[in-house]
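# Report on the structure
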Protein chains: 2
Amino acid sequence: MPAYKVPQREMRFLMNEVLDYPAHYAGLAQGSEATPDVVEAIVQECAKLCEEVVAPLYQSGDEQGCQFNAGEVTTPQGFREAYDAFVAGGWQGLSHPVEYGGQGLPISLGLIKQEMLGTANWPFSMYPGLSLGAMNTILMHGDEAQKQTYLVPLTEGRWAGTMCLTEPQCGTDLGQVKTTATPQDDGSYRLNGTKIFISSGEHDLTENIIHIVLARLPDAPKGTRGISLFIVPKFTVNADGSLGERNPVSCGALEKKMGIKASSTCVMNFDGAEGYLIGEPNKGLECMFTFMNSARIGTAIQGVGSAERAYQGALAYAKERRSMRALSGTKEREQIADSLHHHGDVRRMLLTQKVIAEGGRALLYEAAQKADFMIEGLLAGDMRTYEAWDDKLGFITPILKGCLTELGLESANIGMQVFGGHGYIREHGMEQIVRDARISTLYEGTTGIQGLDLLGRKVLLLTQGKAVRQYTRDMLKVALPLVKQPRLRRHALTVLKLAAQWNWLTVRIALKARKEREVVSTACHDFLMYSGYAALAFIWLKMAAKAAERLEQGGEQSADFYRTKLASADFYFERLLPRGKAHAQSMLKNAQSLMSTPIEHFAFD
Amino acid sequence: MPAYKVPQREMRFLMNEVLDYPAHYAGLAQGSEATPDVVEAIVQECAKLCEEVVAPLYQSGDEQGCQFNAGEVTTPQGFREAYDAFVAGGWQGLSHPVEYGGQGLPISLGLIKQEMLGTANWPFSMYPGLSLGAMNTILMHGDEAQKQTYLVPLTEGRWAGTMCLTEPQCGTDLGQVKTTATPQDDGSYRLNGTKIFISSGEHDLTENIIHIVLARLPDAPKGTRGISLFIVPKFTVNADGSLGERNPVSCGALEKKMGIKASSTCVMNFDGAEGYLIGEPNKGLECMFTFMNSARIGTAIQGVGSAERAYQGALAYAKERRSMRALSGTKEREQIADSLHHHGDVRRMLLTQKVIAEGGRALLYEAAQKADFMIEGLLAGDMRTYEAWDDKLGFITPILKGCLTELGLESANIGMQVFGGHGYIREHGMEQIVRDARISTLYEGTTGIQGLDLLGRKVLLLTQGKAVRQYTRDMLKVALPLVKQPRLRRHALTVLKLAAQWNWLTVRIALKARKEREVVSTACHDFLMYSGYAALAFIWLKMAAKAAERLEQGGEQSADFYRTKLASADFYFERLLPRGKAHAQSMLKNAQSLMSTPIEHFAFD
C-alpha cells in the first residue's frame, strides 16, 4: 500500500475557494483565532503528523491487532508513541473551549483534523474519536465540577473516554437497556450490567478512561423514557485530581472483528462500579442525542477516508502495473504492455473513487460550517440559533452518514478491484481498507436507520417536507444563474430538475404514507440514496462553477487542477448520478411486494 | 451462523417445473441414466453430504486456515475426512465419462452438485473444483496415454489437480508468461519458473497433485501465440500407475488472503520439474479457452452460493432478533420489541438477497442445459453442434460470471447488514461470507474483463450484435403471449421493452465505437450489468409464469410457494430492475469524461 498523502490541494480548493472558510471564520466568534495563516499551519502540522507518524502504523496495527490478557488490553506497537505525539501537539482539544484545556478553535477545523487522522489510520483515530464523544457529553450536560474533574484531562488527552450504550440484547433499540444504577447515600450510584461493542473500552494509551454509560434508575419508567446517563471512571478521582481506586468496571473480552483490529472493541462488565449522574434522571437518551449529529458526521468521515485511501492506493497501482493494450491502440510501445490507467474501465473505477472522495469531502466541509454556527449558538447560550442550525445539520447528517459510508465502502471495494487478484492479498493493504470500511455502514446507526431518520423523522414527521424545500431552494438559487454559462449549463439544468424532483418525490411519498404507513420503511433506503446522489450533484455543480470561474479568470497556474475538476464533475453527472433515477423509481412503488409475504414463506422445505 | 440447508424445493421448482429437466435429459445421449428418480436420489444424497459433513467445516476452516511448514500444506481439521467421504461417494467424476472412471451423467448435474458443495463450504469446494479444470483439460486435449495415466485417478478423486497460469507480472495478460519448458531427449520437458495464486497447489488431501501449466518452449513466438500447455505431476508416475519420484515442483509460500483461508493459495516454484506437453506446441492458450466458459460458470456459482448462504443467515436472524416496533403499528405486543422481519427496510434487504439467489440459480440451471448440449456435441465429435452451443453459452457466461458474483457480493454484504453490528463480529459467520465472496469478482477474469469479453468480443467482434438479437428473440417469444395474462401483463411488457432496448443499446454502442474505439471499454461495465439485470428479468418472468400456471391449475398444495414466487418476481421488477436504467443511461455517454484527463492530473500536490 502506498504511503498516505494528505490531499492538501483538494482541501485548500474547498476551504479557500468553494466554501470561503476565511470569510466564514471571520464572521464566527470562535473563528477569531482561525486566521488563514493559523489554519494553514494547522493543516500542515496535522498532515505531517498523520503522514509520518500515524499512517505508517495502519497496516502493522491490523496485523498485530489488540491483545487481551487478564483484563488488560495492549494496543499495537507504536500506538502509544503516536498517541503521545498527538496529545503533545494539543490536537485532542483543538476545537474545545480554552477554559477546559482546549484551543477554542471552530469545530469545523476539528472535523478536518479528524478527516486527516482517520484517513491515515481509522482504527487509531477511534481512540481520540471516542474521547470526543465523552467530552461533548460532559461539556453539554455535566456540571461545573464534572467538567473540571473529567473534561479537562480528557480535553488535554491525558485521559480517554468511551460511550457505553449497546448491550447484548439491543443496539438501535436502546429502550431495552438493562444496566442498572443504584443510588448511594453519598449521591453516587453503583452500576451493574454488561455493555458490548465498546470501542476503546480498555487500552494502554492513557492512565484513566472515562466511560459515559446509559443505565436505569431503580424507579425508572420502562423503555426509552427511563434511561439515565452516568460518568463511570476506570479509576476514581481524588479531590486533588489524582487517581484513586480501581473502579469495578472491567473489560471481559475483546470482540474478534472483520476489521478495525487495532481498535479495541470491548465487552465491558460493570460490577457495582461507582458512577455519577450527568444531566437529569431519565433524560439520558435525550442527552445522548444532543451530539448525535456530530457523532454521525464523524462516522461519515470514515466514508470519505476509505474512499481517499483506496483511491490513492489504486491510482498508484494503475500507474505501475501493466496489462494488455489499450482498445484505442498501443500507448506504450516500448513496454511489454500498457499501464492499467490506459484502460477505460480502470479509469471508470478510479474516477468513481475520485468523485466519491472529493464530493464527499466537499459535503463534509460544507456541513462543518453549519456545525460551527450550531456550536456558536450553543456556547453563547442562544438556543434558538443552536436549534435552527442543528435542524439544518440534522437534515444533511443521515445523508452524509448513510450515503458517504455506503459509497466509501464501494470505493474501498473498487480499490481492491483495480489491483485484480493482488487486491485480495493482505500485504497490498487494499483488502484491509475494505474490512475497516465495512463497519462504517453498521455503527452509529445502520444505513437503514439513517434512511428512517431522514425520511421518517427529519423530512416527514418533524418538518412535513420543509427540510427538503429549504435544501432544494438553495439548489435553485445556485443553479439558476449557472444555466447561462455554456460549460455548466447541462449540469445546472440537471440540478434544477433534481431540486424539483426531490420535492415532488417527497410529496408523493408523504401522500402514499398517509394511506400505507409502511411505505416510509420500504422507501427510506431509496430516498436516502437518492438524496445522497442529489446532494453530491449539487456540491459537484458548486465545485465545477468555482473551477470554471477560476479558469475564466485566466492564468495558467492551477489551470490543470481546474480543468480536471470540471472533467470530474462531468464524470459524476454522466456516470454516477443516473443511479439516482433508479432509486427514484423504486421508492414510489407500493409496499405490497415487500410486506405481503408472510415470513414463514420466505423459505420452503 | 445457522446450518446450511440445501434449498431443495427451489431446485425442484427449477428442474422439474420451470426448465423441465426430465424432458431435457430424456433427449440427451448422456441423459439416459439421469432419470427423475436417479436425479432425485443424487440431489438428496449430495444435500446430505453437504449439510452434514461439508457445511459444518466452513467456519472452523476459516479460523484455522491452511498451515504451511517446510513445503507441506496442512488443510484445516476435518477436511481430509470430508474429502474422503466426497471421493467415496463418487462425486468427483459425476459428469465425466465412464471410460475414465466417471459416472457419465450430464454436466448440468455436475454444476448442481458444485452449487450445493460450494454453498456449503466454498473454500473446501475449490479442491475438487480445481481438479475439474485439470480433468477437463486432459479430457479435451490429452492423448489416450495421458488420459489413462492422469485423468482416471483425477476422476476417481484419488489425485487432485491445479491450473498454473498466473505469474507475478501477469494474470489477465497471459502473453507475458515467462515460465520456460525445455525439451528433453525422452520427449519430456523441464519446466522452470514461478507461478502465483495457485489454488490447491499443495495440500494433504490426495497422494498426488497434477498441475496443468502454461509455459514457453525455447523457440516460441512472443506473446500469446507462444504459450504451450504441460502436465506436471507432483510425483512422477511409473508405467504401472504407481507413484515415482518427487518432481521438483514445490510450494514456496501460502498467500495471506482476505478470505477463502481454508483454500490453499500457493506460490509454486518449478525448478526443472518434469512435464509433458498437452495438445500442440504454442496452442496452450487456445486449449485453456476451451473450457473457459464452464470454469467461469463454475465461478458464477460462487455468486449464487454467497447469496444463498447469506440469505439463510440473515433470514434466521431477522426472525430471532427483536428491535423497535413496526412503523405500521406493534406486531408482537407481548414481546419487548417486534422481530426484525416486521421492518420494511429489513424485508427490502432479505428480498434483495432472495431474488438474487433464486434468479441467479435459475440462470445457472438454464445455462447448464446449454452446457449439456455443448458437451453432447463434443463427446460425439460433432464440432458444429459443439461450437453452436458453446457460442450460446459464451454469450451468457460473462453475464453470469460478472453479474452474479457482483450481486452475490452485494447479497453477502446485505447479510452482514441485517445483523447490524453483530454482523461485523466473526463468531456470527456473516463477515466470513463477505470475505470469501470478495474473491469471486476478481479471479477467473475480473468483472471488467467479463464486461470486455461480453461487449467487445462476444457481442461486437464475434457476432456484430447477433448474440443479443438471438437472446432477445427468445425474450419476445416468451413474453408476448404472457401480455394477455393480467397477473403477468406488467412484467411481460417490461421484458418486451427490455428486449427492444437491449438491441437498441447494442446498435448505438456499435455505432459510437466506430468513431471512438475506447467507448467499448468505457461502456462495457454498464453494458454487462444492464445485461445481467435484463437476463434476471427474463428468468423471473419465466418463473412467475410457471408459478401463475400452477396456481391456475388449482389445488392448495404448494400454493404458498407459488404465491411467494410471484411476489418475489414483483419485488425484482419493482426494486432491482430499475438499476438497469441507470446503466443504460451511463453506457451511452461519450468516452470523453473518462479518457480526457491525463493520468498525472488525477491527483495534485
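How each quantity is defined
Residues numbered from 1 in each chain as written. Chains lettered and ligands numbered in written order. Predicted model: local features only at pLDDT ≥ 70, side-chain atom pairs only at ≥ 80, totals over all residues. Heavy atoms only, no water. UniProt positions renumbered as here; feature names shortened; annotations may be inferred. Helix = DSSP H or I, 4+ residues; strand = E, 2+ residues; numbered from the N terminus. Rg over C-alpha atoms; globule rule 2.2 N^0.38 Å. Buried < 20%, exposed > 50% of the residue type's maximum accessible area, 1.4 Å probe, protein only. Areas by Shrake-Rupley, 256 points an atom, 1.4 Å probe, with all protein chains shown as cover. Least-squares fit on C-alpha atoms with pLDDT ≥ 70 in both. Contact = heavy atoms within 4.5 Å. Domains from an automatic or database assignment. Buried area = accessible area lost by both parts, 1.4 Å probe. Salt bridge = Lys/Arg side-chain N within 4 Å of Asp/Glu carboxyl O. Polar contact = N/O pair within 3.5 Å; in protein donor to acceptor, adjacent residues only side chain to side chain. Nonpolar A, V, L, I, M, F, W, Y, C, P; charged D, E, K, R; others polar. Phe/Tyr/Trp six-rings, centres within 6.5 Å; stacked < 30°, edge-to-face > 60°. Lys NZ or Arg CZ within 6 Å of the ring centre and 35° of its normal. Bend = angle between axes of the 7 residues up to and from the residue. Axes fitted to C-alpha atoms, helices over the stretch in contact; angles between N-to-C directions. Parallel < 35°, antiparallel > 145°, perpendicular 65-115°, else oblique. Left-handed = near helix turned anticlockwise from the far one by under 90°. Expected span 1.5 Å × (residues − 1). Pairing = 2+ DSSP bridges. Disulfide = S-S within 2.5 Å. Patch = residues over 30% accessible without salt bridge, like charges linked within 9 Å, V, L, I, M, F, W, Y side chains within 5 Å. Lys, Arg positive; Asp, Glu negative; His and termini not counted. Charge placed at Lys NZ, Arg CZ, Asp CG, Glu CD.

Under the annotation held in an unreviewed UniProt entry, chain A carries the name 3-methylmercaptopropionyl-CoA dehydrogenase and is attributed to Atopomonas hussainii. Comment text from UniProt for chain A, heading Function (unreviewed entry), reads "Involved in the assimilation of dimethylsulphoniopropionate (DMSP), an important compound in the fixation of carbon in marine phytoplankton, by mediating the conversion of 3-(methylthio)propanoyl-CoA (MMPA-CoA) to 3-(methylthio)acryloyl-CoA (MTA-CoA)."

Further remarks concern the overall build of chain A. Tallying secondary structure elements over chain A gives 20 helices and eleven strands in all. The C-alpha atoms of chain A give 24 Å as radius of gyration, which agrees with the globular expectation for 605 residues (25 Å, within 12%). C-alpha extents for chain A along the principal axes are approximately 80 × 65 × 60 Å. Expressed as a percentage of its 605 residues, the buried residues of chain A come to 65%. Carbon and sulfur atoms form 51% of the exposed surface of chain A, whose accessible area is close to 21,200 Å².

Turning our eyes to something else, we now look at the relation of the copies chain A and chain B. Rotating chain A by 180° about the axis while translating it 0.0 Å along that axis superimposes it on chain B, leaving an RMSD of 0.0 Å. The two molecules are tied by a two-fold rotation axis, judged by turn and shift. When the interface residues of chain A are mapped onto chain B, 99% of them again lie at the interface, so the same face is used by both copies.

For the rest of this paragraph, the subject is the domain arrangement of chain A. All names here are of chain A. The domain boundaries assigned to chain A delineate domain 1 (8–288), domain 2 (291–445) and domain 3 (457–592). Facing 23 residues of domain 2, the contacting portion of domain 3 comprises 24 residues. Of the roughly 2,000 Å² buried between domain 2 and domain 3, counting both surfaces, carbon and sulfur atoms make up 75%. As a salt-bridge pair, Lys565 and Glu358 come within 2.8 Å of each other at their nearest N and O atoms. At the boundary of domain 2 with domain 3, the tally comes to six residue pairs in polar contact (both at pLDDT 80 or more). Residue assignment for the side of domain 2 that touches domain 3 shows that the elements contributing at least two residues are α11 (344–379) and α12 (383–418). If one sorts the elements of the side of domain 2 that touches domain 3 by residue count, α11 sits on top with twelve residues. Of the residues assigned to the side of domain 2 that touches domain 3, the class counts are eleven nonpolar, six polar and six charged.

Our next topic: unusual backbone geometry. Look at Phe197(A): it is not a glycine, yet its phi comes out positive at around 60°. Relative to the assigned elements, Phe197(A) resides in strand β5 (residues 189–199).

The subject of this paragraph is the packing of aromatic side chains. Residues and elements named next belong to chain B. Following the criterion strictly, the structure yields 38 aromatic pairs over all chains and no others. Taken together, a centroid distance of 5.6 Å and an interplanar angle of 85° make the contact between Phe561 and Tyr562 edge-to-face. With respect to class, Phe561 is no different from Tyr562; both count as buried. Sitting above the plane of the Phe235 ring, Arg246 keeps its charged end 5.6 Å from the centroid. The lysine or arginine in question, Lys392, covers the ring of Trp389, its NZ or CZ lying 5.5 Å from the ring centre.

A word on the interface of chain A and chain B. Accessible area lost upon the coming together of the parts is a frequently used measure of interface size. Across the contact, 99 residues belong to chain A and 99 residues belong to chain B. Taken together, the two surfaces of chain A and chain B that pack against each other cover about 8,700 Å², and 59% of this comes from carbon and sulfur. Our count for the contact surface shared by chain A and chain B stands at four salt bridges. Summed over the shared surface of chain A and chain B, the number is 54 residue pairs in polar contact (both at pLDDT 80 or more). Of all the elements, helix α18 (residues 559–576) of chain A adds the most residues to the side of chain A that touches chain B, at eight residues.

This part is about the UniProt feature "domain: Acetyl-CoA dehydrogenase-like C-terminal" (unreviewed entry) in chain A. Per the UniProt record, "domain: Acetyl-CoA dehydrogenase-like C-terminal" (unreviewed entry) is found at residues 485–597 of chain A. Along residues 485–597 of chain A one finds 83% helix and 0% strand; the C-alpha atoms at either end are 52 Å apart.

Bringing helix α14 (residues 447–461) of chain A into the picture now. Residue and element names in this part refer to chain A. Of all the bends in α14, the largest measures some 30° and sits at Asp453. Taken across its 15 residues, α14 has eleven buried, putting it largely inside the fold. Of the residues making up α14, those classed as buried are Thr447, Gly448, Gln450, Gly451, Asp453, Leu454, Leu455, Gly456, Lys458, Val459 and Leu460.

Here we come to the packing of helix α3 (residues 36–54) of chain A against helix α6 (residues 107–120) of chain A. All names here are of chain A. At a minimum axis separation of 9 Å, α3 and α6 run at an interaxial angle of 20°. As summarised for this structure, α3 and α6 are arranged roughly parallel, according to the angle between their axes. Like other packed secondary-structure pairs, α3 and α6 cross with a definite hand, here right-handed. For the pair α3 and α6, contact is made by Val39, Ile42, Val43, Cys46, Ala47, Cys50 and Val54 and by Leu109, Lys113, Met116, Leu117 and Ala120, respectively.

With that settled, consider helix α8 (residues 144–156) of chain A. Residue and element names in this part refer to chain A. With 13 residues, α8 should cover 18 Å at 1.5 Å per step; its first-to-last C-alpha distance of 17 Å lies within 8% of that length. Of all the bends in α8, the greatest reaches close to 35° and is centred on Tyr150; the proline Pro153 follows between one and four positions later. Among all positions of α8, only Gln146, Lys147, Tyr150, Leu151, Val152, Pro153, Leu154 and Thr155 are buried. Packed against the buried residues of α8 are α7 (122–141), β3 (160–164), β6 (209–215), β7 (228–233), β8 (235–237) and β11 (265–278).

Another aspect to go through is the pairing of strand β7 (residues 228–233) of chain B. Residue and element names in this part refer to chain B. Among the six residues that make up β7, six are buried, leaving the element largely enclosed by the rest of the structure. Every second residue of β7 is oriented toward a common face, with Ser228, Phe230 and Val232 on one face and Leu229, Ile231 and Pro233 on the other, all of them buried. As defined by bridge partners, strand β6 (residues 209–215) adjoins β7 across six bridges and the pair is classed as antiparallel. Note on β7: the bridge partner recorded for Val213 is Phe230. Examined bridge by bridge, β7 and strand β11 (residues 265–278) share three bridges and lie antiparallel to one another. For Leu229, the partnering residue across the bridge sits in β11 and is Ile278.

Where charged atoms from two side chains of opposite charge come close, those side chains can pair. Applying the stated criterion to the full structure yields 70 salt bridges over all chains. With a closest N to O distance of 2.9 Å, Lys195(A) and Glu167(A) form a salt bridge. On the criterion of sequence distance, the pair formed by Lys195(A) in strand β5 and Glu167(A) in the loop between β3 and β4 (180–183) is long-range, its members being 28 residues apart. Using a relative accessible area of 0% as the deciding quantity, one classes Lys195(A) as buried. Residue classification places Glu167(A) among the buried residues on the basis of a relative accessible area of 2%. Taking the shortest distance from any N to any O, the salt bridge between Glu17(B) and Arg9(B) comes out at 3.3 Å. Arg9(B) carries the same exposure label as Glu17(B), and that label is buried. Through salt bridges with shared partners, one network takes in Asp62(A), Glu63(A), Arg426(A), Glu431(A) and Arg435(A).

The next thing to look at is the side chain of Ser586(A). You can see Ser586(A) is positioned in helix α19 (residues 578–587). In this structure the side chain of Ser586(A) is engaged in a polar contact, spanning 3.4 Å, whose partner is the backbone oxygen of Glu574(B). Contact partners of Ser586(A), with chain neighbours within four places excluded, come to Asp526(A), Glu574(B), Arg575(B) and Pro578(B).

Position of Ile599(A) among the secondary structure elements: in the segment after α20 (592–595). The buried category is assigned to Ile599(A), whose relative accessible area is 12%.

Those places that UniProt annotates as "domain: Acyl-CoA dehydrogenase/oxidase N-terminal" (unreviewed entry) correspond, in this numbering, to residues 40–157 of chain A. Taken end to end, residues 40–157 of chain A has its terminal C-alpha atoms 23 Å apart, with 67% of it in helix and 5% in strand.

Residues and elements named next belong to chain A. Inspection of the secondary structure puts Leu139 in helix α7. Sequence separation of Leu139 and Gln369 is 230 residues, and the distance between their C-alpha atoms is 20 Å. Sequence-distant contacts of Leu139, that is, excluding residues within four places in its chain, are made with His96, Pro97, Tyr100, Lys147 and Leu151.

All names here are of chain B. Considering all chains together, one arrives at zero disulfides over all chains under this definition. Looking at Cys266, it has no disulfide partner, and the nearest cysteine sulfur is the one in Cys251, 3.8 Å off. Its relative accessible area of 0% is what places Cys266 among the buried residues.

As a further point, take a positive patch on the surface. Residues and elements named next belong to chain A. A cluster of basic residues, Lys392, Lys466, Arg469 and Arg473, forms a positive patch at the surface. When residues of the positive patch are assigned to their parent elements, the largest contribution, three residues, is made by helix α15 (residues 466–482). Using a relative accessible area of 43% as the deciding quantity, one classes Lys466 as partly exposed.

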